[in-house]
Amino acid sequence: MKDSQARTIYLKDYQAPDYLVDHTDLSFELDPHATLVKSKLKIRRNPAVAQANETLPPLWLDGADLELLSVSINGELLPAHRYQQRAGGLSLSTDAPEFELEVHTRIAPEANTSLEGLYLSNGMYCTQCEAEGFRKITFYPDRPDVMSVFTTTIVAPASYPVLLSNGNKVDSGTTEDGRLRVTWEDPFAKPSYLFALVAGDLQHVEDSFTTCSGREVKLQLFTEARNIGKCAHAMTSLKHSMRWDEEVYGREYDLDIFMIVAVDHFNMGAMENKGLNIFNSACVLASPETATDAAFQRIESIVAHEYFHNWSGNRVTCRDWFQLSLKEGFTVFRDAEFSADMNSRAVKRIEDVTLLRTSQFAEDAGPMSHPVRPDSYMEISNFYTLTVYEKGAEVVRMIHTILGPEAFRRGSDLYFERHDGCAVTCEDFVAAMEDANGADLKQFRRWYSQAGTPVLDVEDTYNEALGEYSLTIRQQTPETPGQKGKLPLHIPITVGLLAEDGSPLRLDDAAGQMEVVLHLTEASQNFTFAGIASRPLPSLLRGFSAPVKLRYDYSSAQLQFLMQHDTDPFNRWDACQRLSINSLQTLQQQYRSGEALQQPAALIEGYAAVLDDAALDPALVAKMLALPSAQEIAEQGGEIDAAAIIAARTFARDAIATALAERFLTRYHALEQHKPYSPTAEDIAERSLKNTCLFYLCAAGSADALALAKGQFERGENMTDTAAALAALVEFGTETQAEGFLQAFYQQWQQDTQVVETWFGLQSGSAKFGTLERVQKLIAHPAFEVKNPNKVRAVIAGFAMRNFTQFHRADGSGYTFLADQVIALDKLNPQIAARLVTPLTRWKKYRAQESAQIHAALQKISVSGELSRDLYEVVSKSLE
Ligand code: PHE
Ligand code: ZN
């Protein structure tokens, strides 16, 4: 792409559509090379923008990669002078404010490797239309504020017995030439991005759900025959989600049927098409033998997420794509609360905060930094980001914290009632929250428009004579590209105070409660607590009540104290994190100044206490004992020195492993499960701690430990334990041993695509084993498919995003490798290429040598030829 072709779209330029589409009648005659698409649209001038006696504006229809066959209006072929085909669509002049438009186009699903529009996955037809994929199916006003009632007829050879689309099946039969024909009707008006079609030779499992008003809904999950045994967990998750949304949000399902389809080739996790969700296989299919606990939990949350979109996204949708967080931030918040209710609340929160701190903070400090509601974009696909999703969810969570649960529910009820069937904005969401409660969120709105992670500095004083304790909190948000001069935000900070004996203090200001939400609204503000008998220890930002970096100068002893006594489990974990980070920073300094690295004594002591605390939830223990990842350490600020981070982290890991070996062994044995696998929170917690112990035991390097891992691997009781044992053997065994185990694993599982993905990821992400040479071999492996994003993510992203050690090898070869992969992938799948380039975008943060190497790799991409709009946007903004 040349600079001149890159067009930026601005929120401030939004205009309501000139025409509305009341009804969309589609028909598909499926063929891999030449699918015929006929679309009949009932079109009408938008009364909201029409003027009296006006000249009608031309009708604009988006279209991409389409072969136009014919255009007719009110049943008559339109002469060529009435329409113009342009790059990106079709413009036609109209002579009446209301008419029926019929357009015929031809498309080639077989040639579609972008996985947007209509494409083939293992011979099965499927669609992906969000955000702007519908325009690859037919010419259409492909924007979310055009909502239409859809009827869809699919005609396909008899070898495609399952033909699905949105809504209810209203007709089916056979054509004269023996093909199958099915018609679907979706009574709910929807934007084109929620359209879906699936055709294939699929099996399904079926269940049903009775809604709160007593309606019976048929639930179906479709997949290829070989995967039919992997559907149970998703089905259970779906029923739990449907019940939860009724109970917590009062939202009932609205069609008589809800379908989920699993496909192997998919750019994202899953898609909430009305009544017909389409899922990446990896996010829906699971069995204990083949899927890890992490996969089970991911499936539960994604099934819920897509289901929840039926209200937050589909019934009430986005006016334009700048409002993406309206549906995504809200829905991520909803699915996170669902998972918290179904499992351990603290663990779920820890996982989400870790993702935010590791990756969203990095995004917000990099060249692609943007507000939760962006002001501009070149390619909307690039804005399905951690900022829009995860930070967006944090923003909704803060509203929940500020208003409280009952008021929040009143707000969401008003939002759904007011805007049902409409395409609205983030502003409408906040306004509903205010109006339902007489609340004032004026300053709070800045969270939607201001990018960057705020930094809070906290200092405290204690006045013994007055019995007063004060916190002074200052906030400041760093500049981000295109945004200078940040304003103070409204930040809710949940705080508790601990007495000297570790007991929680009653806070007079909070009507005797043990914790209080402080509302920071100024650049600097003082909060005083009265009636405090002795100097307390503050527990700040409990539950991570705001997406900020909080600095307070805790001593190691204070952190250990919080780890043992804080009543907030999240903050107990967070104290442990701070202790780890402090130790790792000291080690990095020692490494850089050429000193011998010293035992991280405080950290070892803290970990020992955690392991000795029999009352602590094992899941929390496992989380506390996990050292922050290299990426997370890199996020702590200052210049990133990859070698120092790796040296410090490896040293700390080995020191902990050696010092606490006995404890790890005792705990390992105590946690062995002698019962069938079940993905319950308790069992998952035990397995996670057991496998953490195993990892440390193997890190300490004894032959006994490796024998334990070998035993666990060979027993193969479930994929969680098998994969954990294999990971430890690969990391700490000899190379020959590791080869042997990997071979054996592959032999056993080569028929199962998902396990093969695990197998790829284990190698590409291994600090020891995942060298560039090995990754190159994996790419040449017969099971690798460059056209399958899951495989690309397992191997290439596994190396570039989850293998800090090998990716940052000093010769810079990892960077050049990634650049070459990105250049090649851009020709096939621009969305994936643009995501994969992320590790190269942060070159400015590294030491001079790495920085220059990463910059050169980016430059290589930039001059490699014509780039897709997706990749061009990321690369050009990163080079600025
Ligand atoms: N809207 C999907 C989700 O829930 C994500 C998605 C976006 C999927 C674009 C495909 C394409 O979150
Ligand atoms: Zn979503």
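Just so we're clear, the structure is a prediction, and the values are computed from it rather than from any experiment. (Residues numbered from 1 in each chain as written. Chains lettered and ligands numbered in written order. Predicted model: local features only at pLDDT ≥ 70, side-chain atom pairs only at ≥ 80, totals over all residues. Heavy atoms only, no water.)

## Observations concerning the packing of aromatic side chains
(1) Moving on: Under the counting rule described, the total for this entry stands at 44 aromatic pairs.
(2) Moving on: With a centroid separation of 5.8 Å and 50° between ring planes, the pair formed by Trp244 and Tyr249 is classed as tilted. Per residue, the accessibility class of Trp244 equals that of Tyr249, and both read buried.
(3) Moving on: A ring pair is formed by Phe695 and Phe732, whose centres lie 5.0 Å apart and whose planes are at 70°; its orientation type is edge-to-face. Of this pair, Phe695 sits in helix 16 (residues 681-699) while Phe732 is found in helix 18 (residues 719-732), placing the two residues 37 residues apart along the sequence.
(4) Moving on: One cation-aromatic arrangement involves Arg319 over Tyr14; the distance from NZ or CZ to the ring centre is 3.7 Å.
(5) Moving on: Taking the ring centre of Tyr249 as reference, the NZ or CZ of Arg334 above it sits at 4.5 Å. (Phe/Tyr/Trp six-rings, centres within 6.5 Å; stacked < 30°, edge-to-face > 60°. Buried < 20%, exposed > 50% of the residue type's maximum accessible area, 1.4 Å probe, protein only. Helix = DSSP H or I, 4+ residues; strand = E, 2+ residues; numbered from the N terminus. Lys NZ or Arg CZ within 6 Å of the ring centre and 35° of its normal.)

## Observations concerning the site of ligand 1
(1) Moving on: Around ligand 1, the surrounding shell holds 13 residues, and the nearest of these are Glu130, Glu272, His305, Glu306 and Tyr389.
(2) Moving on: At a separation of 2.9 Å, an oxygen atom of ligand 1 approaches a polar side-chain atom of Tyr389.
(3) Moving on: Burial of ligand 1 by the protein amounts to 94% of the accessible area it has alone, namely 320 Å².
(4) Moving on: At the level of elements, strand 20 (270-271), helix 2 (293-308) and helix 3 (324-342) are the ones that each hand at least two residues to the shell around ligand 1.
(5) Moving on: Grouping the constituent residues of the shell around ligand 1 by class yields 5 nonpolar, 3 polar and 5 charged. (Near = heavy atom within 4 Å. Polar contact = N/O pair within 3.5 Å; in protein donor to acceptor, adjacent residues only side chain to side chain. Areas by Shrake-Rupley, 256 points an atom, 1.4 Å probe, with all protein chains shown as cover. Nonpolar A, V, L, I, M, F, W, Y, C, P; charged D, E, K, R; others polar.)

## A word on the pattern of salt bridges
(1) Moving on: With the rule as written, the count across this model stands at 70 salt bridges.
(2) Moving on: The residue Asp752 makes a salt bridge to Lys230 at a minimum N-O spacing of 2.8 Å. Separated by 522 residues along the polypeptide, Asp752 in the loop between helix 19 (735-749) and helix 20 (753-764) and Lys230 in the loop between strand 18 (216-223) and helix 1 (232-249) bring together distant segments of the chain. Here the two residues Asp752 and Lys230 agree in accessibility, since each one is buried.
(3) Moving on: In this structure, the salt-bridge partner of Arg847 is Asp641, at a minimum N-O distance of 3.8 Å. Note that Arg847 is positioned in the loop between helix 25 (830-836) and helix 26 (848-862) and Asp641 in the loop between helix 13 (630-634) and helix 14 (642-659), a separation of 206 residues in sequence.
(4) Moving on: A single salt-bridge network, built from bridges that share partners, covers Asp62, Glu132, Arg135 and Asp142. (Salt bridge = Lys/Arg side-chain N within 4 Å of Asp/Glu carboxyl O.)

## Looking at unusual backbone geometry
(1) Moving on: Each neighbour pair has its own omega, and for Glu130 with Ala131 the value is -10°, a cis peptide bond.
(2) Moving on: Topologically, Ala131 is positioned in the loop between strand 11 (124-128) and strand 12 (148-156).
(3) Moving on: We note that Asp65 has phi near 55°; this positive angle belongs to a residue other than glycine.
(4) Moving on: Residue placement: Asp65 occurs in the loop between strand 4 (59-62) and strand 5 (67-73).
(5) Moving on: Residue Asp65 is classed as exposed on the basis of its relative accessible area of 63%.
(6) Moving on: Even without being a glycine, Leu115 presents a positive backbone phi close to 60°.
(7) Moving on: The topology assignment puts Leu115 in the loop between strand 9 (98-107) and strand 10 (117-121).

## Things to note about the environment of Ala533
(1) Moving on: With respect to the helices and strands, Ala533 occurs in the loop between strand 29 (524-529) and strand 30 (537-539).
(2) Moving on: On the basis of relative accessibility, which here comes to 74%, the residue Ala533 falls in the exposed class.
(3) Moving on: Sequence-wise, Ala533 and Leu505 are 28 residues apart; in three dimensions their C-alpha atoms are separated by 9.6 Å.

## What about the coordination of the zinc ion (ligand 2)?
(1) Moving on: The zinc ion (ligand 2) binds to the protein through His305 (NE2), His309 (NE2), Glu328 (OE) and Glu328 (OE); the donor distances cover 1.9 to 2.8 Å.
(2) Moving on: One chain supplies every donor to the zinc ion (ligand 2), and in sequence these donors are spaced H-x3-H-x18-E. For the pair formed by His305 and His309, the shared burial category is buried. (Donors = N, O, S within 2.8 Å, 3.2 Å for Na, K, Ca; no water.)

## A short note on helix 6 (residues 405-419)
(1) Moving on: Along its 15 residues, helix 6 runs 21 Å from first to last C-alpha, staying within 8% of the 21 Å computed at 1.5 Å per residue.
(2) Moving on: Of all the residues in helix 6, the buried ones are Ala407, Phe408, Gly411, Ser412, Tyr415, Phe416 and His419.
(3) Moving on: A positive phi of about 80° marks Gly421, the residue just after helix 6. (Expected span 1.5 Å × (residues − 1).)

## Some details on the environment of Arg251
(1) Moving on: Relative to the helices and strands, Arg251 resides in the loop between helix 1 and strand 19 (257-263).
(2) Moving on: By relative accessible area, Arg251 is classed as buried at 11%.
(3) Moving on: Between the alpha carbons of Arg251 and Ser312 there is a distance of 9.9 Å; along the sequence they are 61 residues apart.
(4) Moving on: With near-sequence residues (within four places) excluded, Arg251 lies in contact with Asp245, Glu246, Trp311, Asp413 and Phe416. (Contact = heavy atoms within 4.5 Å.)

## Section: the sheet that holds strand 2 (residues 19-29)
(1) Moving on: Pairing is mixed in the open sheet, where 8 strands are placed in the order 6-5-9-3-2-12-15-14. Two strands lie at the open edges of the sheet, namely strand 6 (76-77) and strand 14 (168-174), each paired on one side alone.
(2) Moving on: Where strand 5 meets strand 6, 2 bridges bridge the pair, whose relative direction is antiparallel. Bridging across to strand 6, Ser72 finds its partner in Leu77. (Pairing = 2+ DSSP bridges.)

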